Amino acid sequence: MFKVMFSEDSLLQRAFYSPPHNHCSHMAVSAEHVRSLHRYELRVLKVIERLMKRYSWVPLDQIKNTGGLSESETSYRLSRLMEWGMVRFNTVPYDGYALVFGGYDALALQALTKKGTISALGSPIGEGKESVVHEALGLCPVAIKFHRVGGRSFASARMNREYMPDDGHYPWIFASRRSAERENAALTLLQAKVSVPLPIDHNRHALVMSLVNGLNLNRCRVEHPKEVLDDILDNVRLSYQLGIIHADLSEFNVMIEEGRCVIIDWPQWVEVDHPNAQQFVVKDLENIIAFFKRKYNFAYRFEDALKCVIG
Ligand SMILES: Nc1ncnc2c1ncn2[C@@H]1O[C@H](COP(=O)(O)OP(=O)(O)OP(=O)(O)O)[C@@H](O)[C@H]1O
Ligand SMILES: [Mg+2]
């Protein structure tokens, strides 16, 4: 058991963190708006989601016909969805509507709520390059991670054909869903042996997992750095033995909870027989060793770490 001496984060700041405006692309959609979605609005969202496989911008006529609603009803529902940051309208090259992350969040949240996986969405607890994480209420407090891949690097994602096999015009939908599925697959495989959040459920681009009650390694100061690093390396070895390399290991993706480390953020994992597997292991180990050297002036030989992990 090792101890966290103090948090370098301002806990007060975390406690009073006020969520950014709902329409901010970094935050999941407003839970209140999801709760108050009318069934026609839900229907319109699902119709747009489906038709986006064929259209970059779904024409009003198509939404109306597929949804089986009158034109005025459809337009009214669309205007509300736009106001809530779930749908976007574009006039070029023709009038059309498209889902944005807020709308995709709403569909995932609605599905997870209907299944009983979660009953309430809490405040944001983390945000990375490609996700936003919220606290939520399930049978117990849980974390829900909304993957956000391809939205901000739209042009380059569009260039990459691999990103968009069937989901045609909207690579971010496919890429974000795939990212959540990959992370879920890793957590499912690892949970019995490796210290990771427990996967609970997933829908579209949203992954529900157990809530880690602790702080990221970069935000705390631990009393015994050697014990922490040993614990991390043990987990990296166990995951390697199960055939998985994290491939983005760093102090930002390790959390400290009740005297043990929890390794988070797995969507980019690779298999140990990946052609560049060795490079990924090396990078992961170098990152974590460099962090301990930098912050604690604790030196760990790279060769020893590699031996510990791959034997
Ligand atoms: N299960 C969890 N319990 C508590 N907090 C979590 C959990 N999962 C993630 N977080 C918090 O949310 C932050 C962001 O999550 P995560 O690292 O998984 O994604 P990410 O950083 O967006 O990915 P990327 O590395 O691509 O930027 C984490 O640093 C952590 O503080
Ligand atoms: Mg991360």
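K.L.:
Help me understand the overall build of the protein, please; the structure alone is not making it clear to me.
P.N.:
Counting its secondary structure elements, the protein contains 11 helices and 14 strands. Counting only residues that meet the buried cut, the protein has 40% of its 311 residues in that class. Taking as baseline every contact in the protein between residues at least 6 positions apart, the subset at least 24 positions apart corresponds to 62%.

K.L.:
Explanation requested: the packing of helix H3 (residues 39-51) against helix H4 (residues 60-67) in the structure shown.
P.N.:
Describing two packed helices takes the angle between their axes plus the distance from one axis to the other. Axis separation between H3 and H4 bottoms out at 10 Å; the angle between their running directions is 115 degrees. Where H3 crosses over H4, the handedness of that crossing is right-handed. Packed against H3, whose contacting residues are Arg-43, Val-44, Val-47, Ile-48 and Leu-51, the element H4 presents Gln-62, Ile-63, Thr-66 and Gly-67 at the interface. Residues that form the contact of H3 with H4 fall into these classes: 5 nonpolar, 3 polar and 1 charged.

K.L.:
Would you mind showing me how to read the site of ligand 1 here?
P.N.:
Close to ligand 1 lie 19 residues; Gly-126, Gly-128, Ser-131, Val-212 and Asp-265 are nearest. Looking at the shell around ligand 1, the elements that each hand over two or more residues are strand E4 (120-128), strand E5 (131-137) and strand E6 (141-147). Residue contributions to the shell around ligand 1 peak at 3 residues, all from E4. Taken together, the residues of the shell around ligand 1 break down into 9 nonpolar, 5 polar and 5 charged. Summarising the domain contributions, the shell around ligand 1 has at least three residues from each of domain 2 (117-210) and domain 3 (214-310).

K.L.:
Would you explain the sheet that holds E4 in this entry?
P.N.:
Neighbouring strands of a sheet are bound in pairs by backbone hydrogen bonds; such pairs are parallel or else antiparallel. The strand order E4-E5-E6-E8-E7 describes an open sheet built from 5 strands, whose pairing is antiparallel. Only two strands of the sheet have a single partner each, and these edge strands are E4 and strand E7 (199-203). Geometrically, the sheet is characterised by an average inter-axis angle of 25 degrees between neighbouring strands, direction not taken into account. Looking at chain direction, E5 and E6 are connected through 7 bridges and run antiparallel. When the bridges of E6 are listed, His-134 appears paired with Ile-144. Packing of helix H6 (residues 101-114) onto the sheet brings it into contact with E4, E6, E7 and strand E8 (206-210), and relative to E7 it is tilted by some 125 degrees.

K.L.:
What is the right way to look at the pairing of E6 in this model?
P.N.:
Moving residue by residue along a regular strand, the side chains alternate between the two faces of the sheet. Of all 7 residues making up E6, 6 are buried, and the element is well covered by its neighbours. Counting the residues that bridge the hairpin from E5 to E6 gives 3 residues. Looking at chain direction, E6 and E8 are connected through 5 bridges and run antiparallel. Counterpart to Lys-145 in the pairing with E8 is Leu-207.

K.L.:
How should the nonpolar core be read in this particular structure?
P.N.:
Buried together is how nonpolar side chains tend to be arranged in soluble globular proteins. Among the nonpolar cores identified, the biggest contains 82 residues, and Ile-48, Val-142 and Val-208 are the most heavily contacted of them. For this core, the element with the most residues is helix H8 (residues 171-190), which contributes 8 residues. Those residues in contact with Ile-48 that sit more than four places away from it in its chain are Val-58, Ile-63, Val-87, Tyr-97, Ala-98 and Leu-99.

K.L.:
What am I meant to see in the sheet that holds strand E13 (residues 260-263) here?
P.N.:
Read from one edge to the other, the open sheet built from 3 strands follows the order E9-E12-E13, with strand pairing classed as antiparallel. Only two strands of the sheet have a single neighbouring strand rather than two, namely strand E9 (215-216) and E13. Examined bridge by bridge, strand E12 (residues 254-257) and E13 share 4 bridges and lie antiparallel to one another. Residue pairing in the sheet places Glu-257 in a bridge with Arg-260 of E13. Sitting on the sheet, helix H9 (residues 225-241) touches E12 and E13, and the angle it makes with E13 is about 40 degrees.

K.L.:
Before we go on, may I ask you to explain H8 in this structure?
P.N.:
In this model H8 runs 28 Å from its N-terminal to its C-terminal C-alpha over 20 residues, within 8% of the 28 Å that 1.5 Å per residue would give. In terms of residue burial, H8 counts as a mostly covered element, since 14 of its 20 residues are buried.

K.L.:
Mind showing me how you'd approach the confidence of the model for the protein here?
P.N.:
Predicted coordinates in areas of low pLDDT are best not read in detail. The predicted model of the protein averages 88 in pLDDT, with 85% of residues at 70 or higher. Low pLDDT, under 50, characterises residues 9-25; the stretch is placed with 16 contacts to residues that sit more than four places away or in other chains. A low-confidence stretch, residues 153-167 stays under pLDDT 50, and its non-local contacts, those more than four residues away or across chains, total 17 contacts.

Parameters at a glance
- Residues numbered from 1 in each chain as written.
- Chains lettered and ligands numbered in written order.
- Predicted model: local features only at pLDDT ≥ 70, side-chain atom pairs only at ≥ 80, totals over all residues.
- Helix = DSSP H or I, 4+ residues; strand = E, 2+ residues; numbered from the N terminus.
- Buried ≥ 20, exposed ≤ 12 C-beta atoms within 10 Å, placed from the backbone.
- Contact = placed C-beta atoms within 7 Å.
- Axes fitted to C-alpha atoms, helices over the stretch in contact; angles between N-to-C directions.
- Left-handed = near helix turned anticlockwise from the far one by under 90°.
- Nonpolar A, V, L, I, M, F, W, Y, C, P; charged D, E, K, R; others polar.
- Near = placed C-beta within 6 Å.
- Domains from an automatic or database assignment.
- Pairing = 2+ DSSP bridges.
- Core = buried A, V, L, I, M, F, W, Y, C linked by C-beta atoms within 7 Å.
- Expected span 1.5 Å × (residues − 1).
- pLDDT = per-residue confidence, 0-100.

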